[in-house]
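Summary of structural features
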Amino acid sequence: MARAHPTTLLAVLIIAAIIYALVFYLPKPASDTDEKERDVDKSKTSHAQAVLHQHPKMPFGNLSTSPIINVMLCSDSNTLPGLIAAINSIRVNSKAHVRFYLVVDPDSVNHVKEWIEGSELNSIDYMLTAFNESWVKGKIPNQGAARKDLLTPLNFAKYYFPWIFPKVTGRIVFIDSDAVVQGDVEELSRISMRTGDAAAFSDDCSTVSNRVGLHQHNYASYINFESEKIKKLGFNPMKCSFNTGIFVANISLWKERRITEKLDYWLSINNKENIFGTQKGGGSSGPPMMIVFYEKYSQLPPEWNVRHLGVTSGTKYSDEFVHSAKLLHWNGRYKPWGRISQHTMVWEKFYIHDPTGQYKIARKYGNI
């Protein structure tokens, strides 16, 4: 048998290596489906990544193994004082490693960064990004809302947290910017939740909530039960509503159940079909969450959402009761950074002056 020349063998090996590389290592041409999925991913993340800030001393590491308490807050330019006070209240009262996920309007990103870096908040672990407002463009209710301040894109940003921060795992606590935390937020993050529940909320039908509310706290106060789509769901119109300004979410179950996509669906069809918004409870971000989570959520302990502090300007709670609460929530039109509100001294002890001088809180005894 004739022997192959060494150069011939070398040539064969080189050709084989080239073929192997072409087959196994070069990327395959993208199908139409692949392209669509890639476009969706880009629409979810590209804008957020472009304006992302994080604390340089706290690198964004492997969240699946880090003992971190994830807390998300959202704010536009009108509620930035509340955002800062909420962050500071959590910082002061928690012994845990808290990572803040902050979502603001595009014009406020640099202002918030300066506020944090130029104050005692400069040691917090945080990620800051602008909300991609195109996700809710044309979807926000445009009729029947008693309070126009609730119809801003940032009031709906909480729906989209898995799109904004796709690497976060475990649980995440969402806290409205009109709240302050007096307990340790780690306790809230670790509350007991029923197996299979993707989130925990606070019912509106407690004795305290009913005493200070301005309308009945049931689904009929928020959702149009004449809608054919709602009729098909078989909901009880007298079912107790729940507050969506404070909640704890199981991120993996949220993603598995496609909660964000469902919330986005109900928000999208509302202006065409009047699902919610014209009822006396209003048409803000609450009704879609009440639809998606109907009888599918765990209960927050009542002391972790003592709310309605902003419903009236007059005091409805005793000082003792307010100081014993683990979370105070000024939901309603009378915010603690406004000229008229109740229990503002509790809020003020957490507020940090704006180092840029853009915000000054007006009080009878002088600006702060």
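For the structure, see preceding data.
Residues numbered from 1 in each chain as written. Predicted model: local features only at pLDDT ≥ 70, side-chain atom pairs only at ≥ 80, totals over all residues. Heavy atoms only, no water.

Considerations on the overall build of the chain
Operational definition: Segments assigned H or I by DSSP are reported as helices when at least four residues long, segments assigned E as strands when at least two residues long, and all are numbered from the N terminus. The cut-offs for exposure are 20% and 50% of the maximum accessible area for each residue type, with area from a 1.4 Å probe on protein chains only; residues under the lower value are buried, those over the upper are exposed, and the others partly exposed. Contact definition: two residues touch when any of their heavy atoms are within 4.5 Å.
A tally of regular secondary structure across the chain gives 13 helices and 10 strands. Within the chain, the fraction of its 368 residues that count as buried is 51%. Here the contacts in the chain between residues at least 6 apart in sequence split such that 76% fall between residues at least 24 apart.

Digging into the pattern of salt bridges
Filter applied, for reference: Note on definitions: salt bridges are taken to be side-chain nitrogens of Lys or Arg within 4 Å of carboxyl oxygens of Asp or Glu.
In the structure shown here, the tally under the stated rule is 10 salt bridges. A salt bridge links aspartate 264 to lysine 139, with the nearest nitrogen and oxygen atoms 2.7 Å apart. In this pair, aspartate 264 is assigned in helix α10 (residues 259-273) and lysine 139 in the loop between β4 (125-130) and α5 (161-164), connecting sequence segments 125 residues apart. Accessibility expressed as a relative area gives 15% for aspartate 264, which makes it buried. Given a relative accessible area of 17%, lysine 139 falls into the buried group. Residue lysine 229 is joined to glutamate 273 by a salt bridge in which the shortest nitrogen-to-oxygen separation is 3.0 Å. Taken together, the residues span a long stretch of sequence, with lysine 229 in helix α8 (residues 228-233) and glutamate 273 in helix α10 at a distance of 44 residues. Residue classification places lysine 229 among the partly exposed residues on the basis of a relative accessible area of 27%. Classification of glutamate 273 by relative accessible area gives partly exposed; the value is 35%.

Side note on the state of the cysteines
To keep things clear, this is the line we draw: Our working definition of a disulfide is a cysteine sulfur pair at a distance within 2.5 Å.
A full pass over the atoms with the stated rule returns one disulfide. With its sulfur 2.1 Å from that of its partner, cysteine 205 forms a disulfide with cysteine 240. Between cysteine 205 and cysteine 240 the sulfur-sulfur dihedral comes to about 120°; the bridge is accordingly right-handed. With cysteine 205 in the loop between β7 (199-203) and α7 (207-212) and cysteine 240 in the loop between α8 and β8 (242-250), this pair connects stretches of sequence that are 35 residues apart. With a relative accessible area of 38%, cysteine 205 lands in the partly exposed category. Residue classification places cysteine 240 among the buried positions, given a relative accessible area of 15%.

Notes on the nonpolar core
Put simply, the rule is: The set of buried Ala, Val, Leu, Ile, Met, Phe, Trp, Tyr and Cys residues whose side-chain atoms join them within 4.5 Å is what this entry labels a nonpolar core.
If you look at the biggest cluster of nonpolar residues, it comprises 52 residues, and the most contacted ones within it are Val71, Leu73, Phe100, Leu102, Ile175 and Leu328. Among the elements that make up this core, the one with the highest residue count is helix α3 (residues 80-93) (seven residues). The contacts of leucine 328, once residues within four sequence positions are left out, are Asp178, Ala179, Val180, Gln182, Val306, Leu309, Val322 and Val346. Ranked by size, the runner-up nonpolar core spans 51 residues in total, among them Phe174, Leu263, Phe276 and Tyr294.

Some remarks on the environment of glycine 332
Within the element layout of this structure, glycine 332 appears in the loop between β10 (327-329) and α13 (344-348). Between the C-alpha atom of glycine 332 and that of threonine 312, which follows or precedes it by 20 residues, the distance is 7.6 Å.

Some thoughts on helix α4 (residues 109-117)
Applicable threshold: Arc definition: it is the arc formed by the directions from the helix axis to the C-beta atoms.
What α4 keeps buried is the set Val109, His111, Val112, Trp115 and Ile116. Looking straight down α4, one finds its buried side chains confined to an arc of 165°; they lie on one side.

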